[in-house]
Amino acid sequence: MKRFRPIRLSVVMGLLALASQVHAMFYDPFPDGASVKPSDELEDRIWQEAEVTKGQFVRAAPSAQAQALGEHARKLLKRQWPDLTNSIRIEVIDNADVLALSSANGDIIISTGMFMRVDTEQELAAIIAREIGHVMKRHAVRSVYFARLGAGA
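Everything in this summary refers to the structure shown in the same document. Treat the numbers as computed from the prediction; the structure is a model and nothing was measured.

A word on the packing of helix H3 (residues 64–80) against helix H5 (residues 121–136)
Axis separation between H3 and H5 bottoms out at 11 Å; the angle between their running directions is 75°. By the angle between their axes, H3 is roughly perpendicular relative to H5. In contact with His 72, Ala 73, Leu 76, Leu 77 and Arg 79 of H3, H5 contributes Glu 121, Leu 124, Ala 125, Ile 128 and Ile 132. Among the residues making up the contact of H3 with H5, the classes are represented as seven nonpolar, one polar and two charged.

This is the structure:
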């Protein structure tokens, strides 16, 4: 009869660490606008990194056109999603590329090039809704966790 060896404490600790990482990948979506805030140290770091990333897109003072488009988008946000106006921030950048992105901390960046491709306010609302969905579902945080897990971190 084969004897089983007892499991080492280091193996158990490694499994517990892996379980906590797996759990972290499946953060629950934010239930409402008031709950959009980091819930742990890693998520807080991701939010801080989002500020740095935002600086790569939002560099100089926006043109008058970008300011007007940004104001229009913020008014649409306030009308369609009033409970998110304190959690979601929309910036419009002067860039001809078709670009809309969001970060973990609630920043949504839309390019003037994207506005040039939008024909109706409903299309703009759909773009903003998609980016809000990324924020509320914590997609940026989950992506970082999956990347760390894949890298063996």
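Some remarks on the nonpolar core
Of all hydrophobic cores here, the largest spans 30 residues; its most connected members are Trp 81, Ile 88, Ile 90, Ile 110, Leu 124, Ile 128 and Ile 132. Those elements giving two or more residues to this core turn out to be helix H2 (41–57), H3, strand E1 (89–93), strand E3 (107–111), helix H4 (112–117), H5 and helix H6 (139–151). Looking at which element gives the most residues to this core, the answer is H5, with seven residues. If we skip the residues at most four places from it in the chain, Ile 110 touches Ile 90, Glu 91, Val 92, Ile 93, Leu 99, Ala 100, Phe 115, Leu 124 and Ile 128.

Here we look at H2
Along its 17 residues, H2 runs 25 Å from first to last C-alpha, staying within 8% of the 24 Å computed at 1.5 Å per residue. Turning to H2, its buried residues are Leu 42, Glu 43, Ile 46, Trp 47, Ala 50 and Lys 54. Buried residues along H2 cover an arc of 140° about the axis, so they all sit on one side. Across H2 from its buried face, at more than 90 degrees, point the exposed residues Glu 41 and Val 52. Capping the start of H2 is the job of one residue whose side-chain oxygen sits 3.4 Å from the backbone nitrogen of Leu 42: Asp 40.

Cut-offs applied
- Residues numbered from 1 in each chain as written.
- Predicted model: local features only at pLDDT ≥ 70, side-chain atom pairs only at ≥ 80, totals over all residues.
- Heavy atoms only, no water.
- Axes fitted to C-alpha atoms, helices over the stretch in contact; angles between N-to-C directions.
- Helix = DSSP H or I, 4+ residues; strand = E, 2+ residues; numbered from the N terminus.
- Parallel < 35°, antiparallel > 145°, perpendicular 65-115°, else oblique.
- Contact = heavy atoms within 4.5 Å.
- Nonpolar A, V, L, I, M, F, W, Y, C, P; charged D, E, K, R; others polar.
- Core = buried A, V, L, I, M, F, W, Y, C linked by side-chain atoms within 4.5 Å.
- Buried < 20%, exposed > 50% of the residue type's maximum accessible area, 1.4 Å probe, protein only.
- Expected span 1.5 Å × (residues − 1).
- Arc of directions from axis to C-beta.
- Polar contact = N/O pair within 3.5 Å; in protein donor to acceptor, adjacent residues only side chain to side chain.

The quantities given are spatial measurements derived from coordinates; they are silent on function.
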